[in-house]
Amino acid sequence: MLIFIAINLLWLVGGFVTGITSFGGNLLCVPLCSFLMPPKDVILMGYIVGGGICFYLTMVWRRHIKWRETLFIVLCSLPGLPAGIFLLRWATPAFILILGGALVLLFLVWELARTGSQRPQKPCSLLWGIPLGFISGFFTAAISMGGPPVVIYAFLRHWDKNESLASINFAAVIITFSIIFSHWQLGSYNMPIIRQSLGGLAFAALGVGLSVPVINRVNVALFRKLLLATLFVAALAMLVRGFMDIA
């Protein structure tokens, strides 16, 4: 019961974090929940709860969706889904943890590299959606953490805060629910995972609700710094646990 409550509280924070920054819920919760549940079960849960968070935010910010570019990103992500699903089914938990930690660290390096630098004067080409969409699909399917490539795309394309919240989460909804359907067909889900996911969905919805009145008032720059520090700790935790499982 304590584990059930702890995981739900993590998803409460995850819903709030995603509501403030347009990403980060799964990046934060999946690594930490892997200390309380088997890593593969956490990833399967992350599809459901993370997809739910994205659906909630899509409904809140739907008027700002950039439809053409978002659907293009989704189409580009589709080839990466089968490879990611294959990896999740056959890779060891240690490998998944190490891969997830490496992804988070790469994202943090990218954030550090662009800190203090000016945004490009002109938006990047729409064609950047092809590689970034594929990578997002692969990592979403493999470890339930495909947000960073789309965040990078949104930054390079000069999306504003509302467009990012709406479009990134709308793309994630389509990609994630496609993955959930595939895993359901493969028989990956069982009742304990579904039960924990439903609890996580309820608490994540509360977190998203709490974020809505805050988003226009909070010092987002400071919050993002705190979030990045938390993600760094989470990435180290994933890497340490992954290498410990190998040893």
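The rules behind the values
Residues numbered from 1 in each chain as written. Predicted model: local features only at pLDDT ≥ 70, side-chain atom pairs only at ≥ 80, totals over all residues. Heavy atoms only, no water. Patch = residues over 30% accessible without salt bridge, like charges linked within 9 Å, V, L, I, M, F, W, Y side chains within 5 Å. Areas by Shrake-Rupley, 256 points an atom, 1.4 Å probe, with all protein chains shown as cover. Salt bridge = Lys/Arg side-chain N within 4 Å of Asp/Glu carboxyl O. Helix = DSSP H or I, 4+ residues; strand = E, 2+ residues; numbered from the N terminus. Buried < 20%, exposed > 50% of the residue type's maximum accessible area, 1.4 Å probe, protein only. Phe/Tyr/Trp six-rings, centres within 6.5 Å; stacked < 30°, edge-to-face > 60°.

### Brief notes about a nonpolar patch on the surface
- A contiguous nonpolar surface patch, about 620 Å² in accessible area, is contributed by Met-1, Leu-2, Phe-4, Ile-5, Leu-9 and Phe-203.
- The leading source of residues in the nonpolar patch is helix α1 (residues 2–21), at four residues.
- Mapping Ile-5 onto the fold places it in helix α1.
- By relative accessible area, Ile-5 is classed as partly exposed at 40%.

### Looking at the packing of aromatic side chains
- Inspection of every chain in the model, using the stated rule, returns five aromatic pairs.
- Ring centres of Trp-67 and Phe-170 lie 5.0 Å apart, and the angle between their planes is 70°; on these two criteria the pair is classed as edge-to-face. Of this pair, Trp-67 sits in helix α4 (residues 67–77) while Phe-170 sits in helix α9 (residues 161–186); the two residues are 103 residues apart in sequence, bridging distant segments of the chain.
- The class for Phe-170 is buried, based on a relative accessible area of 14%.
- When the ring of Phe-86 is compared with that of Trp-90, the centres are 6.5 Å apart and the planes differ by 50°; the resulting orientation is tilted. Remark: Trp-90 and Phe-86 occur in helix α5 (residues 80–90); sequence separation between them is four residues, near one turn of the helix.
- Judged by its relative accessible area of 55%, Phe-86 falls in the exposed class.
- Classification of Trp-90 as exposed rests on a relative accessible area of 62%.

Just distances and angles here, no functional claims.
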